[in-house]
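Understanding the architecture of this molecule
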Amino acid sequence: MTMMTPQPLDQDDEVMLVPHSELMEGPQPIEGPQPMEVPVPLSIEGPQPLGGPQPMEVAAQVDNDSTVENQATDEPQASRFTWMIENFTRLNLKKLYSDVFTVGGYKWRVLIFPKGNNVDHLSMYLDVADSGTLPYGWSRYAQFSLAVVNQHHSKYTMKKDTQHQFHARESDWGFTSFMALSDLYDPGRGFIMNDTVVIEADVAVRKVVDYWTYDSKKETGYVGLKNQGATCYMNSLLQTLYHIPYFRKAVYHMPTTENDMPSGSIPLALQSLFYKLQYNDTSVATKELTKSFGWDTYDSFMQHDVQELNRVLSEKLEDKMKGTVVEGTIQKLFEGHHMNYIECINVDFKSTRKESFYDLQLDVKGCRDIYASFDKYVEVERLEGDNKYHAEEHGLQDAKKGVLFIDFPPVLQLQLKRFEYDFMRDTMVKINDRYEFPLELDLDREGGKYLSPDADRSVRNLYTLHRFKFDDERVTKEDMKRALEEQYGGEEELPQTNPGFNNAPFKFTKYSNAYMLVYIRESDREKIICDVDEKDIAEHLRIRLKKEQEAKEDKRRYKAQAHLYTIIKVARDEDLLEQIGKDIYFDLVDHDKVRSFRIQKQTPFILFKDEVAKEFGIPVQFQRFWIWAKRQNHTYRPNRPLTPQEEAQSVGQLREVSNKTHNAELKLFLEIELGPDLRPFPPPDKTKEDILLFFKLYNPEKEELRYVGRLFVKSSGKPIEILLKLNEMAGFGPDEEIELYEEVKFEPCVMCEGLDKKSSFRSSQIEDGDIICFQKYLQTQNEEQYRYPHVPSFLEYVKNRQIVHFRPLERPKEDDFCLELSKAHTYDDVVERVARRLGLDDPSKIRLTSHNCYSQQPKPHPIKYRGVEHLTDMLIHYNQISDILYYEVLDIPLPELQCLKTLKVAFHHATKDEVVIHNIRLPKQSTVGDVLNELKTKASINTVKSCKCRIGAKVELSHPDAELRLLEVFYHKIYKIFPLIEKIENINDQYWTLRAEEASIISFLASTFAICLTIFDNRIPEEEKNLSPDDRLIHVYHFTKETAQNQMQQVQNFGEPFFLIIHDGETLSDVKLRIQKKLQVPDEEFSKWKFAFLSLGRPEYLQDTDIVSSRFQRRDVYGAWEQYLGLEHSDTTPKRAFAANQNRHTYEKPVKIYN
């Protein structure tokens, strides 16, 4: 099986959509095409519309084609159009269109902005000429290049290529900054001759498949997987594993039970996923599986490495399969073994080590095909010279080092290294070089050159490529050419039908290429490509999944017929009694929890009443329905009863009349009157004088609010007239004195006002549907017994009540405890409650950090002491409210800590080869001199005895009078010597704190991603203290040169930088002696070193007789770290593995499966 990588997002030139001017009238959508006058952002990467949605960092199995609704298929039709523009420098037009030309049956034209589209560059685009007359939903896909021909010499022609899916909203695509106007108009450059410019457009058009109507199952027999955000790498792997039937059968045979939940069981979730891929007709979601991994939304939007996920998932499944009938399946399918060996040349000694592998990483760069990669994999390395091998009793010996394979697995997984780290750009870049892989792979070639002497030669290692093409949800048929040739990478050369002015080949870079190959050994194919049917699937799983499928089908039918039906939600007194004081406190009912009826719109309402009679046992003549209404204060109350005329209408007509929002729901309150014998009787006639009121009772002792019933009152009546009835409803004595309140509203704040018992309901503005809350009257002296003595204070509490989950900051996924707090609580209230819960006497030692609702992680910066007013401010994140806070218990009060600055300092001993890490905490007004003094007196805290690096050990000076200095080292360069009087609050330790969590101190110190504050105990030489006017203090750095993707040699610094004094007239030969002595490098090794003067990364190599000081003439140059004496030699320090798209600010999260 092949997996394909996407087009990289880091292209060199911005590309924008150019809307037609006739479409620009009136307001434009924010994410749509923007007017010409809008300035073009300078940092847009890759082809994209101006102002449109930015591309997410999403890698698909197929690059460019996978991001469009209509995907290109079949062979392209290509042509070249040449446009000669005369009197170019006299053009006075903002934009200019070419003549229309036809490619692939479609009409095109080129659009240019001769003076630039709001930039100082020529802007040039390919435009669909007849877009205004095309039918709705049109779409076409094209690869194209645009060029300004150099009429002096064609090899200097300016050419750029891209590809795009053109449609109504994006009918123009191209380059806003195609080439600098200064270059274009320069008469010596050759782009304008005789005031004529020649523009060429090479266009290749492919037919497209309409994926709005495309049926993967029907067309191919397979279905795809839905992308959760950035899970296409996972989809690739899952499809790979699914299409290994032996593996799929093993997954089906993993023991699960009917009580398991897929979201908590990886085996069941994988079984469910594979079953749906096998039997569903539409694409399958992966959310259950990722939930079983313990992933949250943040993980689903994090791009990961497919090889890393493959290994982590294999290890997890291997563990889950232990003790079951399928134990060992992973090893049987994917495990191979190779032998690492070192063999001495001159003595009889050989060291070997056997290792297993589940997949192999093969180099792409510098290899033309997969066989070249295998040749490189087993290439023999010579250990000689300074790199001799220590062969136990034989001492240092010349030797050969290499790898040979003992056995290959039945299923061979090959990871192609399509990305490499670019040190200059500080990011991973994709290698688009052509790289071929065969349908049939013979690893026994040339007499078994890849096999070790111990390999079983009777096993025939002949493999066949396992091929399918999956684009997340879509599956398409692929012929051999597209499955292989188009995934090799490199460039595609298309035939020309119109050669035009420039006879250069018509080429496009192919960004779609394979990054993972799966080969199956021919001798094992029959066993691996076995039949998998329903008998292999546990009965409980079949039943469960069939029920899920039936429910899904019912839901689909339900949705398809929704326009024919009205949903009627009927609330009754029973619902109010059940919900108020439990599920809700404000208003009367949650309509999502009442009985719903799905009624055809043409059904007469009177027939619906029959349905209600059957459901609730209430005869039609005893039913009266009220319409609910949303008031201006955002409350929702019964407004009025239905009229006889309304009840004579159909359900659909009634819904349209009563519901201004035009949704499919009709909400009603069913009024039922019951006699003393609880038998229903007809509702009383209602006049305009009658008002329907609802009543809630509050108990301050129990802090309980409950519904007690409803009454009709006269608008001219007074509350005092119904007190006896209210006491009866509450179960109070007839003479109990009660207080009445009207619940007015609760958004954005609670309004609950006392009701004057002696004023009429009309004068108090009481109307149908109003809510009256009442309670026993409390004497003033009794109020202190209760937290919330009155209805308004209780409703205020309920409104602001918030359950907060507290997690320790060092374990951000684990809830530690929960507290019920109020959103109105102050900062002090919150930390005091947390301290009390933790048994801490001093709340000021609690530090809280807010929660990021999008990443599901703590925010990067903690909450400052009294930095927010209320709990709400702690929980809000943009427009979302979280219920999570993270806490720390500090060793000193937070106000005191905030006045301190913490620096992590690496101490380098002058004579010992070790580094000691210290955490220095001092007042912010302290100076660098204070830091150095603190170091000298620092006591031992903790020691890590590994890698010659220690944490927190006492500083050991090589001499009692040794002086220290503080340097800022970044990318293995010294950027600054801190003056002793500099305030430490000015030191930017942002990068350092980012690295505080690094497990390996050595890798941390060596990392080019860290600013480290480094203390050198080198007893600052007297010569540095007393520089003569002719002396220079210069930077000396180690460096090596590496070849980047563009074949350019790039300087890469490494190791520990240092200062050196050079004297006037001193030759390189003299300087070399001092450097060798300082670094204690053996003669033989030092003789291989080269010395160069480097300025801005460009080396100028020096000879022994060169006067070094002559290169360092300027003093006080900003960026002095970029002028240095470079020591070029091999870097023998361990290399750090960099993650894709990693830079010093962002880090790829490692793949973890938590369950």
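Residues numbered from 1 in each chain as written. Predicted model: local features only at pLDDT ≥ 70, side-chain atom pairs only at ≥ 80, totals over all residues. Heavy atoms only, no water.

Taking an unreviewed UniProt entry as the reference, the chain is identified by name as ubiquitinyl hydrolase 1 belonging to Escallonia herrerae. Per UniProt, the chain carries the Catalytic activity (unreviewed entry) text "Thiol-dependent hydrolysis of ester, thioester, amide, peptide and isopeptide bonds formed by the C-terminal Gly of ubiquitin (a 76-residue protein attached to proteins as an intracellular targeting signal)." (UniProt positions renumbered as here; feature names shortened; annotations may be inferred.)

This paragraph deals with the side chain of H337. Relative to the helices and strands, H337 resides in strand β12 (residues 336-344). Every residue in contact with H337, bar those within four places of it in the chain, is listed here: K354, E355, S356, F357, F405, I406 and D407. (Helix = DSSP H or I, 4+ residues; strand = E, 2+ residues; numbered from the N terminus. Contact = heavy atoms within 4.5 Å.)

With respect to the secondary-structure elements, P453 resides in the loop between α11 (445-448) and β23 (462-465). Accessibility expressed as a relative area gives 62% for P453, which makes it exposed. When the C-alpha atoms of P453 and M339 are compared, they prove to be 9.8 Å apart, with 114 residues separating the residues in sequence. Apart from the residues within four sequence positions on either side, P453 is in contact with M339 and L404. (Buried < 20%, exposed > 50% of the residue type's maximum accessible area, 1.4 Å probe, protein only.)

A few words on helix α20 (residues 791-800). Within α20, seven of the ten residues are buried, which leaves it mostly tucked inside the rest of the structure. Every buried residue of α20 is listed here: V791, F794, L795, Y797, V798, K799 and N800.

Let us now look at the sheet that holds strand β31 (residues 624-630). The five strands are arranged β30-β29-β33-β31-β32 in an open sheet whose pairing can be described as mixed. Edge positions in the sheet fall to β30 (595-600) and β32 (636-641), since each has one partner strand and no second. On average, each strand axis in the sheet is tilted by 40 degrees relative to the strand beside it, whichever way the strands run. Across five bridges, the pairing between strand β29 (residues 565-571) and strand β33 (residues 665-671) is parallel. Paired with I567 across the two strands is E665, which belongs to β33. Along the sheet, helix α16 (residues 605-616) makes contact with β29, β30, β31 and β33, crossing β30 at roughly 145 degrees. (Pairing = 2+ DSSP bridges. Axes fitted to C-alpha atoms, helices over the stretch in contact; angles between N-to-C directions.)

The strand order across the open sheet built from five strands is β37-β36-β40-β38-β39, with neighbouring strands paired in mixed fashion. Pairing within the sheet leaves two strands with one partner each, and these edge strands are β37 (704-714) and β39 (751-754). Averaged over all adjacent pairs, the angle separating strand axes in this sheet is 30 degrees, with direction ignored. The pairing of strand β38 (residues 738-745) with β39 spans four bridges and is classified as antiparallel. Looking across to β39, one finds that K745 is bridged to M751. Across the face of the sheet, helix α19 (residues 723-730) comes into contact with β36 (690-699), β37, β38 and β40 (771-776) while running at roughly 145 degrees to β37. Here α20 sits on the sheet and contacts β36, β37, β38, β39 and β40; the angle it forms with β39, its principal contact strand, is near 175 degrees.

What follows concerns the packing of aromatic side chains. A complete count under the given rule lists 38 aromatic pairs for this structure. Judged by centre distance (5.7 Å) and plane angle (35 degrees), the rings of F88 and Y185 are tilted. Here F88 is found in the loop between β3 (70-85) and β4 (96-97), whereas its partner Y185 is found in the loop between α1 (181-184) and β11 (197-210), with 97 residues between them in sequence. Residue classification places F88 among the buried residues on the basis of a relative accessible area of 1%. Given a relative accessible area of 24%, Y185 falls into the partly exposed group. Note on Y275 and Y279: the rings are 4.8 Å apart at their centroids and 45 degrees apart in plane angle, and the pair reads as tilted. Here the residue Y275 and the residue Y279 both occupy positions in helix α5 (residues 266-279), the gap between them amounting to four residues, near one helical turn. Residue classification places Y279 among the partly exposed positions, given a relative accessible area of 31%. Over the aromatic face of F178 sits the side chain of K160, whose NZ or CZ is 5.6 Å from the ring centroid. Taking the ring centre of Y242 as reference, the NZ or CZ of R248 above it sits at 3.9 Å. (Phe/Tyr/Trp six-rings, centres within 6.5 Å; stacked < 30°, edge-to-face > 60°. Lys NZ or Arg CZ within 6 Å of the ring centre and 35° of its normal.)

Moving on, we get to the packing of helix α4 (residues 245-252) against α5. Across the interface, α4 lies against α5 with an axial gap of 9 Å and an inter-helix angle of 130 degrees. Judged by the inter-axis angle, α4 sits oblique to α5. Our pair here, α4 against α5, has a crossing hand that is left-handed. In contact with F247, R248, V251 and Y252 of α4, α5 contributes P267, L270, Q271, F274, Y275 and Q278. (Parallel < 35°, antiparallel > 145°, perpendicular 65-115°, else oblique. Left-handed = near helix turned anticlockwise from the far one by under 90°.)

F247, L270, L273, F274, L317, F334 and V411 are the most contacted members of the largest nonpolar core, which totals 47 residues. Those elements giving two or more residues to this core turn out to be α3 (232-242), α4, α5, α8 (306-321), α9 (329-334), β28 (513-521) and α14 (539-560). Ranked by residue count, the leading element in this core is α5, at eight residues. Once residues within four sequence positions are removed from consideration, F274 is found in contact with L238, L241, Y242, F247, R248, V251 and Y252. (Core = buried A, V, L, I, M, F, W, Y, C linked by side-chain atoms within 4.5 Å.)

Tallied over the full model, the rule gives 66 salt bridges. In this structure, D363 and K417 form a salt bridge, with 2.8 Å as the shortest nitrogen-oxygen distance. Here D363 is found in strand β14 (residues 360-363), whereas its partner K417 is found in strand β19 (residues 411-417), with 54 residues between them in sequence. For E832, the salt bridge identified is with R836, shortest N-O distance 2.7 Å. Here E832 pairs with R836, and both are found in helix α21 (residues 827-838), just four residues apart, close to one helical turn. Overlapping salt bridges bring together D587, R631, R637, K696, E743, E767 and D770 as one network. (Salt bridge = Lys/Arg side-chain N within 4 Å of Asp/Glu carboxyl O.)

A few words now on the environment of Q151. Following the sequence through the fold, Q151 ends up in the loop between β8 (139-148) and β9 (158-167). Considering only alpha carbons, one finds Q151 and T196, 45 residues apart in sequence, at a separation of 9.7 Å. Separated by 3.0 Å, the side chain of Q151 and the backbone oxygen of T196 make a polar contact. (Polar contact = N/O pair within 3.5 Å; in protein donor to acceptor, adjacent residues only side chain to side chain.)

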